[in-house]
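Here's the letter readout for the chains.
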Amino acid sequence: MSSIYSGFIIAFLTAVIHVVNSSGSIEFRLISSRSCNVKLCVKKPRAKPMDSCLLESRRISLYSQQQRVVSTPFHFPFPDRFILVTEVYDVIGVLLSNSTSKETFIIGTEFNPAVGSSDFLDIAFRSSCDASYYGSGCQRYCKPSFSYTCDINGMRICAIGWSGEQCDQLKFLVLYSIVIVLHALNEKLTFHVTHTILKRGYMCYNRYEFCNYANFRLVIR
């Protein structure tokens, strides 16, 4: 390092946040015409009888004509179709019915009647995604940042001056403007372009180095 020039050092701090693959909740509304206990089990669409449940409830006590809503969170990509296993017991624990139905996962505010409803037990369900999660199975994560916003489907919309699928690439004109402003603020820092090399998407200058138009750092030689 031949010499050190006094100047401004700009650092872009990026917070790295670990997010789960999917996040949401599913609610079941139960209405029974008789007193009973109900146990629900959600399985994958092609699950075998002995396969474990993706979601499983404890026994839910219902009185005659009583309505109960049970909410269960999930943190995995919920399948578009699933199997609902419903076990109904009487008040002393004797199994009254054990039914299996194929249901369709739907995001919305309205309760959808389940195929697995019986003569004395009405089942309906609805699903919702947690904040910043979108898509049919709540598997698309999008949280607005300084370089993009999110549409209703969770797709990124790049802000002015940003590009790329992840909106993480600064356009060249924006970078060039930053360099001009930096040069104007620091009179002692000379900015003489001696050569320009275009190779593998890199642009290298005498005292600055730009990587893919996105990562910026000051290089002192």
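Here's what I pulled together on the structure shown here. The residue numbering used here restarts from 1 in each chain and proceeds along that chain's sequence as written. Local features in this predicted model are restricted to residues of pLDDT 70 or higher, and side-chain atom pairs are both shown and tallied only at a pLDDT of 80 or more, whereas totals for entire chains, interfaces and linings draw on every residue. Hydrogens and water molecules were not included; the side-chain quantities draw on all heavy atoms of the structure.

### Re the sheet that holds strand 1 (residues 24–32)
A sheet is described by the order of its strands in space; here four strands give the open sequence 5-1-9-8, paired in antiparallel fashion. In the strand order of this sheet, the two ends are held by strand 5 (67–74) and strand 8 (112–113), each with one partner. Of the pairings in the sheet, the one linking strand 8 to strand 9 (residues 121–129) comprises two bridges and is antiparallel in character. Its bridge partner being in strand 9, Pro113 is matched across the sheet by Ala124. When DSSP finds at least two bridges between two strands, those strands are taken to pair. To qualify as a helix, a DSSP run of H or I must reach at least 4 residues; to qualify as a strand, a run of E must reach at least 2; elements of each kind are numbered from the N terminus.

### Side note on the pairing of strand 1
Taken together, the eight bridges between strand 1 and strand 5 define a ladder with antiparallel strand orientation. The residue of strand 5 that forms the bridge with Phe28 is Val70.

### Description of the nonpolar core
Of all hydrophobic cores here, the largest spans 23 residues; its most connected members are Phe28, Phe78, Phe82 and Leu84. Residue assignment for this core shows that the elements contributing at least two residues are strand 1, strand 2 (36–43), strand 4 (60–62), strand 5, strand 6 (81–89) and strand 9. The greatest single-element share of this core, amounting to four residues, is contributed by strand 2. Those residues in contact with Phe82, other than ones at most four positions away along the chain, are Ile26, Val42, Lys43, Pro45, Ser101, Lys102, Glu103, Thr104, Phe105 and Phe125. Definition of nonpolar core: a set of buried residues of the types Ala, Val, Leu, Ile, Met, Phe, Trp, Tyr and Cys, connected through side-chain atoms within 4.5 Å. Only protein chains enter the accessibility calculation, which uses a 1.4 Å probe. A residue is then buried if its area is under 20% of the maximum for its type, exposed if over 50%, and partly exposed in between. In what follows, a contact means two residues having at least one pair of non-hydrogen atoms within 4.5 Å.

### Some remarks on the pattern of salt bridges
By convention in these notes, a salt bridge is any Lys or Arg side-chain nitrogen within 4 Å of a carboxyl oxygen on Asp or Glu. Within the structure shown, the criterion is met by two salt bridges. A salt bridge links Glu27 to Arg126, with the nearest nitrogen and oxygen atoms 2.6 Å apart. Linking Glu27 in strand 1 with Arg126 in strand 9, this pair joins segments that are 99 residues apart in sequence. Glu56 is the salt-bridge partner of Lys39, the closest N and O atoms lying 3.2 Å from each other.

### Re the state of the cysteines
Disulfides are defined as pairs of cysteine sulfur atoms found within 2.5 Å of each other. Summed over all chains, the structure comprises four disulfides. The disulfide partner of Cys129 is Cys138, and the S-S distance across this bridge is 2.0 Å. Taking the torsion about the S-S bond as the criterion, the Cys129 to Cys138 disulfide, at about -85°, is left-handed. Residue Cys129 is classed as partly exposed on the basis of its relative accessible area of 24%. Residue pairing for Cys142: its cysteine sulfur links by disulfide to Cys150, the two sulfurs lying 2.0 Å apart. A torsion of -90° about the S-S bond marks the disulfide between Cys142 and Cys150 as left-handed. Residue class for Cys142 comes out buried when judged on its relative accessible area of 1%. The connectivity of the disulfides in the protein is 1-2, 3-4, 5-6, 7-8, where the numbers refer to bonded cysteines in sequence order.

### Focus on the packing of aromatic side chains
What describes a pair of aromatic rings is the distance from one ring centre to the other and the angle between the planes of the rings. Here is the rule: rings of Phe, Tyr and Trp (six-membered ring for Trp) pair when centre to centre is within 6.5 Å. Planes less than 30 degrees apart are stacked, more than 60 are edge-to-face, and the remainder are tilted. Tallying each qualifying case throughout the model produces 10 aromatic pairs. Relative to Phe125, the ring of Phe28 lies with its centre 6.2 Å away and its plane at 50°, an arrangement referred to as tilted. On the criterion of sequence distance, the pair formed by Phe28 in strand 1 and Phe125 in strand 9 is long-range, its members being 97 residues apart. For the pair shown, Phe28 and Phe125 are each scored as buried. Geometrically, the ring pair formed by Phe74 and Phe76 is tilted, given 5.7 Å between the ring centres and 50° between the ring planes. Relative accessible area serves as the criterion here: at 1%, Phe74 is assigned to the buried category. Judged by relative accessible area, Phe76 falls into the partly exposed class, the value being 22%. Site record: aromatic cluster; members linked through ring pairs are Phe28, Phe74, Phe76, Phe78, Phe82, Phe105 and Phe125.

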